[in-house]
Amino acid sequence: MGVFGPPTYPVLSVNQAGSSWNPSAKSSIDTKTYDYIIVGGGTAGCVLASRLSEDPNVSVLVLERGPVHDAWYSRVPLISSDLTSKATPVVFTPSAPIAGANGKTLEVVHTEALGGGSTVNAMLVTRGFIGDFDRWAKLGHPSWSYEALKPYFMKSEKSLSHEGDWRGHSGPLVNQTSPLNATIHTSVQTAASELGYKITTDINDPDISVDVCATLDEAVDQKLRRVSAYNAYLPPEVAYERGQRLKICTKAVATQVEFEDGVAVGVVFEASGKSIPGTFYARARKEIVVCSGAIGSPQLLLLSGIGPQEHLKEHEVPVVVDLPGVGSHLQDHLGIPLMYEVPGWDSVHYLGYSAWRGFWEFGKYMLGYPGVLGSTVAPISIFAHSSHVDQQTGRVVKPTAQSSASDRCPDIEIMTMACISTDVIRPPHMGVFSFLLCNLQPKSVGTVRLASTDPHKRPEVDLNFLSNAEDYGPLRIGILISRRVANRAAANGYPIKEWKLPASESDDDVDQFIRKELRTCLHYTSTCRMAPRGDGGVVDDSLRVYGVRGLRVCDTSVFPCITSAHTMVPAITVAERCADLMKAAAKRDGMEDKLI
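Predicted model only: the values in this text are computed from it and were never measured.

A. Broad picture of unusual backbone geometry. Although it is not a glycine, H329 sits at a positive phi angle of roughly 60 degrees. Turning to its location among the elements, H329 is positioned in the loop between β16 (321-322) and β17 (334-342). Positive phi is not limited to glycine here, since L522 has a value of about 70 degrees. Along the chain, L522 falls in the loop between β24 (519-520) and β25 (551-553).

See the structure below:
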């Protein structure tokens, strides 16, 4: 048992999970073998491992690059979201220089922990708009429409705040409506309403308008603790209960997937940082699923010989399948921060003003009272479609018709945070409020490519932001809306002052600001996307990799295109459906074996 009661987590080391790698005797009698091997214990991997291991007759191995991140502070929402803390399990690597931003590089964030990005993100529970998934259907994937995915959205969650028949109430992902801890959020809400943005408390309502100011839901439980995919789907009690059939190997780096006669049969792996010498191997009786995220999944496929033929040959990787779509079509929500000065007492920064303030908030949190420590820093977002907004006033002038719900999809989100949103130095004792606006439907696409054949090194990520000039349009409108909302809040009496904004409202000044201040929103998708093979697709509608058998990909990399939302819930939903697809395939195979 752990010091504070919960049991320590049952994990295997690489030499316990696999057999010593001998390429000439891959299927020797002592090779460790499982029904399913899941490479990546991130958001999707935790869901998939939990659902597959519900069957007592199935064995599952999870290979996760990072450790189990389960210290007490990992459940405190504000603390666990601090990507700058050395205690947060993230690794930063520089992107390729962005040509559209004067060669600027951005930090690409890789989470290394069981639960992946859901252990460190802003905890926002946003499915995406109905138009996102119906667009997937129109792209040729009818089984991934909103109506097809609705049961999985509901199955995955336990909503504590909503009773709509589109919400789930018995699933593992506990969530509730975010509290508004800062007065500025209430002022922003009022100002947005006066500009025509409808106030809503359920952004996941399928009939909602595009142009709204929404109080968002957060993955926080009744005790004000973060709920990650790890906490929700693979907590210690589940891992112990299923210990005979569910094996979780942490600090393991997959080096390649092995194939025999076009079938994925096993995974080769090593210890992270090579802390345990040697190379190890495990075989899969049924299927291997790559769940390493939109950066890691294409890297593993490339290392395994699946990808653009010329790129593989350049790195002297034997070609298994020439699949040009692997690592292509990288999408992310391009973010632009606008920051204002606000009273110190009305921002998160007041926690550092004096010791008693920090103790006060910590005491409130430990006693179960809502406060800044127990919730997201971004409780309110303004959503809009740029074509609906007056380009002078920022007002909604063309609200979406209620009759066209299946076509509705915003291209702007403006997150609001009572804190700084870049690495710029803040003057002492100054409170900061940020509008972090993002282009939800970017036209620019990037790539993930091998920088080296060393699997311990991260791949080269070219975000390629602003390579398509159309991406400026929604960003300009988002900046306009943010300024008009701030101006309205000031007119209503809130003491808000400009701090870090474009020099003027001219397109030249705004565009220069965009190029200088752009940042990633960490919503990487679509690098192994679901699409026809001839159109650059990597997986089919069942998430099976083209050209081989026994191999699937399941994470945000399979999105046909990026959604108008934060990506945690869509990733969970994809994994929920993938589990059902795999169970159905296993059942069909079992019936065929009986017939034979």
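B. Quick peek at the state of the cysteines. All chains considered together, the criterion is met by zero disulfides. Free cysteine C291: the closest other cysteine sulfur is in C554, separated by 4.6 Å.

C. Layout of the UniProt feature "domain: Glucose-methanol-choline oxidoreductase N-terminal" (unreviewed entry) in the protein chain. When the UniProt feature table is mapped onto this chain, "domain: Glucose-methanol-choline oxidoreductase N-terminal" (unreviewed entry) is found at residues 293-307. The distance separating the terminal C-alpha atoms of residues 293-307 is 16 Å; by composition the span is 73% helix and 13% strand.

D. Local environment of the packing of aromatic side chains. Under the defined criterion, the tally for this structure stands at 12 aromatic pairs. With a centroid separation of 5.2 Å and 80 degrees between ring planes, the pair formed by F133 and W136 is classed as edge-to-face. One end of the pair is F133 and the other is W136, both in helix α4 (residues 130-138) and three residues apart, which spans about a single turn. The pair formed by F133 and W136 is uniform in burial state, with each residue classed as buried. Their ring planes at 90 degrees and their centres at 5.1 Å tell us that F433 and F435 sit as a pair that is edge-to-face. Just as F433 is buried, F435 falls in that class too.

E. Structural context of the UniProt feature "active site" (unreviewed entry) in the protein chain. Under the local residue numbering, the UniProt record ascribes the feature "active site" (unreviewed entry) to H523 and H566. A stretch of 44 residues holds the annotated residues, and the largest C-alpha distance among them is 6.8 Å, short enough that they meet in one place. Relative to the assigned elements, H523 resides in the loop between β24 and β25. Relative accessible area serves as the criterion here: at 8%, H523 is assigned to the buried category. Not counting the four nearest positions on each side in its chain, H523 is found in contact with Q331, D332, H333, I562, A565, H566 and T567.

F. Spotlight on the nonpolar core. If you look at the biggest cluster of nonpolar residues, it comprises 119 residues, and the most contacted ones within it are I37, L48, I306, L551 and C554. A total of nine residues in this core trace back to one element, the largest contributor, which is helix α14 (residues 568-595). L338, Y340, F433 and I496 belong to the second largest nonpolar core, which has 55 residues in total.

Parameters at a glance
Residues numbered from 1 in each chain as written. Predicted model: local features only at pLDDT ≥ 70, side-chain atom pairs only at ≥ 80, totals over all residues. Heavy atoms only, no water. Helix = DSSP H or I, 4+ residues; strand = E, 2+ residues; numbered from the N terminus. Disulfide = S-S within 2.5 Å. UniProt positions renumbered as here; feature names shortened; annotations may be inferred. Phe/Tyr/Trp six-rings, centres within 6.5 Å; stacked < 30°, edge-to-face > 60°. Buried < 20%, exposed > 50% of the residue type's maximum accessible area, 1.4 Å probe, protein only. Contact = heavy atoms within 4.5 Å. Core = buried A, V, L, I, M, F, W, Y, C linked by side-chain atoms within 4.5 Å.

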